[in-house]
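Structural overview for review
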Amino acid sequence: MKRYIHRVIIVCCLLIVVFCLSSCGKPKEGKVIVTDKEFTLRQDAERSWTLDATGKVKNVGDVDVKKIVITGYCRSCGEVLAMGKWFVSDVEKLPSQKGTISYLPAGAEEEFKVKEVVFYWGDEKPKSIPEKLEIVIESFETVND
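These figures come from a predicted structure and were not determined experimentally.

1. Looking at the sheet that holds strand 7 (residues 133-142)
Backbone hydrogen bonds are what pair the strands of a sheet, in a parallel or an antiparallel way. With antiparallel pairing, 3 strands are arranged side by side in an open sheet as 5-3-7. At either margin of the open sheet sits one strand with a lone partner, and together these are strand 5 (98-104) and strand 7. In this sheet, adjacent strand axes meet at a mean angle of 20 degrees when their direction is disregarded.

2. Details of the side chain of S48
Tracing the sequence through the fold places S48 in strand 2 (residues 48-59). When its relative accessible area of 19% is taken as the criterion, S48 is described as buried. Of the polar contacts made by the side chain of S48, one reaches the side chain of D44; its length is 2.8 Å. Beyond its immediate sequence surroundings of up to four residues, S48 is in contact with R42, Q43 and Y120.

3. Points about the sheet that holds strand 1 (residues 32-45)
As summarised here, the arrangement of the 4 strands in space is 1-2-6-4, forming an open sheet in which the pairing is antiparallel. Each having just a single partner strand, strand 1 and strand 4 (85-87) make up the two edges of the open sheet. Each strand axis lies, on average, 30 degrees off the axis of its neighbour in the sheet, ignoring direction. Pairing analysis gives 12 bridges linking strand 1 to strand 2, with the strands arranged antiparallel.

4. Some points on the environment of E131
Among the secondary structure elements, E131 is positioned in the loop between strand 6 (109-121) and strand 7. Between the C-alpha atom of E131 and that of R75, which follows or precedes it by 56 residues, the distance is 7.8 Å. Other than its neighbours up to four places away in sequence, E131 contacts C74 and S76.

5. Observations regarding the nonpolar core
The nonpolar side chains of a soluble globular protein tend to be buried with one another. In this structure, V57, I68, I70 and V118 are the most contacted members of the largest nonpolar core, which totals 22 residues. Every element with two or more residues in this core is listed here: strand 2, strand 3 (65-74), strand 5, strand 6 and strand 7. When residues in this core are grouped by element, the largest group, 5 residues, is from strand 6. Those residues within four positions of V118 in sequence are excluded, and the remaining contacts are W49, T50, L51, C74, C77, W86, F87, V88, P130 and L133.

Cut-offs used in this document
- Residues numbered from 1 in each chain as written.
- Predicted model: local features only at pLDDT ≥ 70, side-chain atom pairs only at ≥ 80, totals over all residues.
- Heavy atoms only, no water.
- Pairing = 2+ DSSP bridges.
- Helix = DSSP H or I, 4+ residues; strand = E, 2+ residues; numbered from the N terminus.
- Axes fitted to C-alpha atoms, helices over the stretch in contact; angles between N-to-C directions.
- Buried < 20%, exposed > 50% of the residue type's maximum accessible area, 1.4 Å probe, protein only.
- Polar contact = N/O pair within 3.5 Å; in protein donor to acceptor, adjacent residues only side chain to side chain.
- Contact = heavy atoms within 4.5 Å.
- Core = buried A, V, L, I, M, F, W, Y, C linked by side-chain atoms within 4.5 Å.

In structure tokens form, the structure reads like this:
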């Protein structure tokens, strides 16, 4: 009887150790990347142009993600409105300046659209787009099983 109790205690201790070690594993993470992007020039007034962005994002993580927010930045543009220069707004981005994807399964790819990444004001259509344009995944949440 004493040996039986001793064996049961050892088995229980081993099960607890195995359970603790298995729960200490690295949690699965979500990772979203921009796989394709294209900027389009659009005239929105007589002397005003803006760049819109479209593209695709892909979930390359281990789990599904939701509430993905995508936006664009121009790191080489100023914040001052000047004729013939690209500029960005210094206020918080509007909902139209952010693309959102509500749900993206692991391994899936989805299209996005972001309007008004950067602005231009001048007498003529801009000859080129600004340098240092980028599309950024601002935030997302992982889906817990």
